[in-house]
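Observations on the model geometry
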Amino acid sequence: MSFETFSMSQNDGITQSEQEILNVPLGCATKTQRFWYMDGLLALGMGRFSFYSFLKDNYGVTMFSYCLLDQINEREDQSDMLFGEQVVSNLTQFTPMIRDYYSNEHYAVSLSRIQVEGEALDSYMFPIKMVVDTGSLITDLPSPVYNVLERKFLGVANELAWGRAINISDNYPCYIIDPDQISASSTITFTFQKDAKLILRPHNIWRYIDEDGAACFAFADASEASDLKINILGNIQQQGLRVIIDQTTEDRIGFDPLGC
């Protein structure tokens with residue numbers, strides 16, 4: 001473990017400057033189990049080794065946000081991350097964090113409804129507690145919910161004449177199509193506690209794998225996805241909007257569709 005100085009851009013809307021963040025603990029892992037393929041990881045949860053926790057404890061930062069660009073992005077923009085007080089659009093919808101699911105170090109929310117093109121899934125399957133995670137690629141859902149969604153989107157793909165569904169490296173269903181065909185797919189609306197809505201566009205539903213020339217359904221059965229068997233809102237479903245972690249007056253998570 002060592003301590004380093006980080007430099008971050010500071011912008012108040014009028015001037016821009018550099019802010020030095022002193023004595024940031026920095027280390028390396030030797031027995032990483034779930035992220036063996038990564039060279040490094042910036043922790044942003046609520047654990048004691050988190051960069052956000054360090055900023056909160058030492059600099060009074062109680063809010064941060066990030067924007068993940070779409071997986072198919074022809075612009076030269078970069079995903080960004082903002083720490084500290086910030087302005088969000090009037091379309092931002094907030095939902096409370098919950099503290100009784102999986103771990104107090106993670107950001108968890110309660111999902112109260114899922115709709116596909118306005119048609120709601122059966123209410124008996126809800127609410128669903130889930131972790132909001134940028135380190136997970138796809139969204140993991142309970143078996144009954146996942147099975148219904150899979151059937152619906154097998155039907156969507158059939159109506160769009162995408163051909164035969166195939167399995168690619170344990171991803172199913174996948175279809176050999178051009179990336180621009182994805183935009184014709186249906187949308188999904190996630191409604192969280194306090195009626196906070198997250199609209200998933202086609203590129204938040206299908207993951208395009210360039211090397212295979214295929215679009216794969218970006219959801220999985222949580223009971224089969226990993227040893228943890230937890231429900232997760234993955235990063236493909238978070239792309240194209242700003243996600244806000246706000247602990248200023250209450251613990252809540254916001255979704256800003258205009259934040260990117």
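No experiment lies behind these values; they were computed from the predicted model shown.

In this section: the pairing of strand E3 (residues 63-67). Most of E3 sits out of view: five of its five residues are buried. Burial of E3 is two-sided: the residues Met 63, Ser 65 and Cys 67 facing one way and the residues Phe 64 and Tyr 66 facing the other way are all buried. The sheet contact formed by E3 and strand E18 (residues 242-246) spans five bridges and is antiparallel. Each residue of the ladder has a partner; that of Ser 65, found in E18, is Ile 244.

Charged atoms that come close allow side chains of opposite charge to pair. Counted according to the given criterion, the structure contains eight salt bridges. Salt-bridge contacts for Arg 99 lead to Asp 251; the nearest nitrogen and oxygen are separated by 2.6 Å. Of this pair, Arg 99 sits in the loop between strand E5 (93-96) and strand E6 (108-116) while Asp 251 sits in the loop between E18 and strand E19 (252-256), and the two are 152 residues apart along the sequence. The exposure class of Arg 99 is partly exposed, given its relative accessible area of 39%.

What follows is about the sheet that holds E19. Read across the open sheet, the five strands follow the order E4-E3-E18-E19-E5; overall the sheet is antiparallel. The open sheet terminates on both sides in strands that have one partner only, identified here as strand E4 (80-83) and E5. Pairwise comparison of adjacent strand axes, ignoring direction, gives a mean angle of 15° for this sheet. Across four bridges, E5 lies against E19 in antiparallel orientation. When the sheet's bridge partners are listed, Phe 94 is paired in E19 with Gly 254.

For the structure on display, the rule yields two disulfides. A sulfur-sulfur distance of 1.8 Å marks the disulfide that ties Cys 67 to Cys 260. Linking Cys 67 and Cys 260, the disulfide has an S-S dihedral of approximately 125° and is accordingly described as right-handed. Residue Cys 67 is found in strand E3, and its partner Cys 260 is found in the segment after E19; the two are separated by 193 residues along the sequence. For Cys 67, a relative accessible area of 4% puts it in the buried group. The side chain of Cys 174 participates in a disulfide bridge whose partner is Cys 216; the two sulfur atoms lie 2.0 Å from each other. Note on the Cys 174 and Cys 216 pair: the S-S dihedral is about 110°, so by sign convention the disulfide is right-handed. Here Cys 216 lies in strand E15 (residues 214-217) and Cys 174 lies in strand E11 (residues 171-176), a separation of 42 residues in the sequence.

The rules behind each value
Residues numbered from 1 in each chain as written. Predicted model: local features only at pLDDT ≥ 70, side-chain atom pairs only at ≥ 80, totals over all residues. Heavy atoms only, no water. Buried < 20%, exposed > 50% of the residue type's maximum accessible area, 1.4 Å probe, protein only. Helix = DSSP H or I, 4+ residues; strand = E, 2+ residues; numbered from the N terminus. Pairing = 2+ DSSP bridges. Salt bridge = Lys/Arg side-chain N within 4 Å of Asp/Glu carboxyl O. Axes fitted to C-alpha atoms, helices over the stretch in contact; angles between N-to-C directions. Disulfide = S-S within 2.5 Å.

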